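Survey of secondary and tertiary structure
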Amino acid sequence: MNQGIQTSHAVVAEGLGKQYGEQWALRDFQLAVPTGSVLGLLGHNGAGKTTAIRILTTLVAPTTGTAKVAGHDVVAEPDRVREQIGLTSQAATVDGLMTGAANLEMIGRLYHLPRKVAQARAAELLAELRLEDAGDRLVKDYSGGMRRRLDLAASLVASPPVLFLDEPTTGLDPESRNELWDLLRQLVGGGTTLILTTQYLEEADQLADDVVLLDHGKIVATGSPEQLKARYGGERVVVTVAADDELGAAAEALEKVAAGTAEIDREGLFVAAPASESTRLIEVVRALEEGGVDAHDVRRREATLDDVFFSLTSPRARVASTHATKDSDREEATA
Amino acid sequence: MNANAISTPTALPRVPAGPARLRWLAVDAWVLAKRQFAHIRQIPEKLFDVTLQPLMFVLLFAFVFGGVIAVPGGGDYHEYLIGGILVQTLAFGMMGPGVSIATDLGEGIIDRFSSLPMSRPAYLIGHLTAEFCATVLAVTIMVISGLIVGWGISSTPLEALACFGLLFLIAIAMIWLGTLVGVLARSPDGVQGIAFVAVFPLTFVANTFVPVGGLPDGLRQVAEYNPISAWAAAVRTLFGNPTAIPSGSAWPLEHSVIASVAWCVAILAIVVPLTVRAYRRRTTG
């Protein structure tokens, strides 16, 4: 049975944990990624995504637990693992003071490919990632999107069956992001197993077969994007307001008629709350009017991965803060 | 159709076991040393501290101060000067390795190297190799410019050879020291600050440019026991240049060759294990 898991899963992790001082950056981390699938590790900054990637790519040793990548233990056989993986970390993993071609050739030489083979592979990858015209230019003069593509090319020199990407599209404009997504889809089409971390729910929705939601070093949910949306999502009522200072009042009004706690999105200037069968939009509008809220838009929609993320990451912290405001209200009332 | 080329399986040589690993280490280290040479091609200014700066110092001190500084106990100032400048340049040679490793550690490139099936010590060894090559260049430039301003080697070939040996030992000690500072510092700028504040006074409160006899009490004792003084005195002694060390001077000056080697060994004995540990901690933390 174990044999079966090893051959059909590119990455298996059990009870992985990493402690820094008193803090656990990662705890009880379980994973089983089927060969050829895409796993999205989703979480905020500091949720433990990068720590998980660093353990699985042999960069750091775990404090607890075991992990196998491509059938090899990351602690006992790091070199065997390294032969099977490609890694693109968040920071630039290519050399800015060398040309794109020289970077890729250097990586090939570090895999001990003969010089000619390394050069040919570099040229092949530059062409595939549409960097052939930039191959002779210094990487420091590349645009963000070009540099990411070169980073990816550097991870592909040895055609690794398992690829790890730590926030591959952070800081990219939408066009470059879409380009990179297309590339990743091509790779997966060719049989590569992909493990990527992201803060963007859309990215996980677009690419991942399975999603692991991390929060404060712990897994809070796993499943396909659809499963997660169905399980934790349901329909939402969304109220968009004119200004930031309306958000509190809108949330309060919405909670009176909705089926659960309202989530506030300050950037998007909206509040969203779970809707039940019996939730009527007209009641929401009435509640908003009674609360004196200047609402721009009120609508029902299907849950997004965003909603799942919102309702699962640190719910205690948010519930605590809403309670705190209610408690202080009560105190004022009794005083 | 594109997918095919991206995921073309590449036949990889496997990481060998046993003694063959050493050959892999050598290849990896050399590939990484060549990376630093490529940097120098792009930013030639990187080499200024080991080329133009010593050349400038030789010319400045030889022609600006050369006429007014007399060497006590006789001898030509140009003959005296070169030993000091050689040692000063090697001492400042800690800056380059520190800055370059701090730069790498501040970026993600070491993660890339660590995720490859290459030899673990290759990065540090490649780094030290490249920096050592830069030092060899610096010493060559200074020896040639010294010969031009009237300096010469007056000792036996064996002593001269021993002197080059000592210079390279000093260089290795300072490169390791710089690497340690680079691994511990938070940024390349930090390295420059630390190196300048530490090395600049050390090379001046010494016999680098003038004999220590004229220094006021307190400062003179510091200069006498300063490793830079022992190194400069040893280089002058081994090249057969005037040392301006009267008999009855402090022990490290009278026994400068032994003192110099002892300083280098002591620095390496402390700095090498600290550096390796700090590097491991920073790259696997």
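Residues numbered from 1 in each chain as written. Chains lettered and ligands numbered in written order. Predicted model: local features only at pLDDT ≥ 70, side-chain atom pairs only at ≥ 80, totals over all residues.

1. Describing the overall build of chain A
- Counting its secondary structure elements, chain A contains 13 helices and 14 strands.
- Taken along the three principal axes of its C-alpha coordinates, chain A extends 80 × 45 × 35 Å.
- Buried residues in chain A amount to 47% of all 335 residues.
- Residue pairs in contact within chain A that sit at least 24 positions apart in sequence constitute 67% of those at least 6 positions apart. (Helix = DSSP H or I, 4+ residues; strand = E, 2+ residues; numbered from the N terminus. Buried ≥ 20, exposed ≤ 12 C-beta atoms within 10 Å, placed from the backbone. Contact = placed C-beta atoms within 7 Å.)

2. Observations regarding the overall build of chain B
- A count of helices and strands for chain B gives 13 helices and 0 strands.
- Listed N to C, the secondary structure of chain B is α-α-α-α-α-α-α-α-α-α-α-α-α in terms of helices and strands.
- Considered along the principal axes of its C-alpha atoms, chain B spans approximately 80 × 35 × 35 Å.
- Expressed as a percentage of the 285 residues in chain B, the buried residues total 45%.
- Sequence separation of at least 24 residues holds for 80% of the intrachain contacts in chain B that already meet a minimum separation of 6.

3. Notes on the sheet that holds strand 5 (residues 72-73) of chain A
All names here are of chain A.
- As summarised here, the arrangement of the 4 strands in space is 2-1-4-5, forming an open sheet in which the pairing is antiparallel. Looking at strand neighbours, the two that pair on one side only are strand 2 (23-34) and strand 5, the edges of this open sheet.
- Taken together, the 8 bridges between strand 1 (residues 9-20) and strand 2 define a ladder with antiparallel strand orientation. The residue of strand 2 that forms the bridge with Gln19 is Trp24.
- Across the sheet, helix 2 (residues 49-56) is in contact with strand 1, strand 2 and strand 4 (64-69); its angle to strand 1 comes to roughly 120 degrees. (Pairing = 2+ DSSP bridges. Axes fitted to C-alpha atoms, helices over the stretch in contact; angles between N-to-C directions.)

4. Structural notes on unusual backbone geometry
Residue and element names in this part refer to chain A.
- A positive phi angle, close to 70 degrees, is found at Thr58, a residue other than glycine.
- Tracing the sequence through the fold places Thr58 in the loop between helix 2 and strand 4.
- The phi torsion at His216 lies on the positive side, around 45 degrees, for a residue other than glycine.
- Of note, His216 is situated in the loop between strand 9 (210-215) and strand 10 (218-223).

5. Points about the interface of chain B and chain A
- Tallying the contact residues gives 34 residues for chain B and 37 residues for chain A.
- Elements that contribute at least two residues to the side of chain B that touches chain A include exactly helix 1 (2-6), helix 2 (20-42) and helix 6 (109-114) of chain B.
- Per-element accounting of the side of chain B that touches chain A gives the leading share, 8 residues, to helix 2 of chain B.
- A breakdown of the residues in the side of chain B that touches chain A according to their chemical character gives 16 nonpolar, 12 polar and 6 charged. (Nonpolar A, V, L, I, M, F, W, Y, C, P; charged D, E, K, R; others polar.)

6. A short note on the confidence of the model for chain B
- Chain-level statistics for chain B give a pLDDT mean of 89 and a share of 96% at 70 or above.
- With pTM at 0.81, the complex prediction returns an ipTM value of 0.85. (pLDDT = per-residue confidence, 0-100.)

7. Structural notes on helix 6 (residues 144-156) of chain A
- Given a rise of 1.5 Å per residue, 13 residues ought to cover 18 Å, and the 19 Å separating the end C-alpha atoms of helix 6 of chain A matches this to within 8%.
- Among the 13 residues of helix 6 of chain A, 10 are classified as buried, and the element is accordingly described as predominantly covered. (Expected span 1.5 Å × (residues − 1).)

8. Here we look at the packing of helix 4 (residues 77-92) of chain B against helix 7 (residues 122-148) of chain B
Residue and element names in this part refer to chain B.
- Orientation of helix 4 relative to helix 7, taken along the N-to-C sense of each, is 160 degrees, at an axis distance of 10 Å. In terms of their interaxial angle, helix 4 and helix 7 are classed as roughly antiparallel. By crossing handedness, the relation of helix 4 to helix 7 is classed as right-handed. Facing Ile82, Ile85, Leu86, Thr89 and Leu90 of helix 4, the residues of helix 7 in contact are Thr135, Ala138, Val139, Met142 and Gly146.
- When the residues that make up the contact of helix 4 with helix 7 are grouped by side-chain class, the tally is 7 nonpolar, 3 polar and no charged. (Parallel < 35°, antiparallel > 145°, perpendicular 65-115°, else oblique. Left-handed = near helix turned anticlockwise from the far one by under 90°.)

9. Brief notes about the domain arrangement of chain A
All names here are of chain A.
- Partitioning chain A into structural domains gives domain 1 (2-229) and domain 2 (231-334).
- One C-alpha centre belongs to domain 1, the other to domain 2; they are set 37 Å apart.
- The interface is formed by 15 residues belonging to domain 1 together with 12 residues belonging to domain 2.
- Elements with a minimum of two residues in the side of domain 1 that touches domain 2: helix 8 (201-207), strand 9, strand 10 and helix 9 (225-233).
- For the side of domain 1 that touches domain 2, the element with the most residues is helix 9, which contributes 4 residues.
- Tallied by class, residues from the side of domain 1 that touches domain 2 come to 8 nonpolar, 4 polar and 3 charged. (Domains from an automatic or database assignment.)

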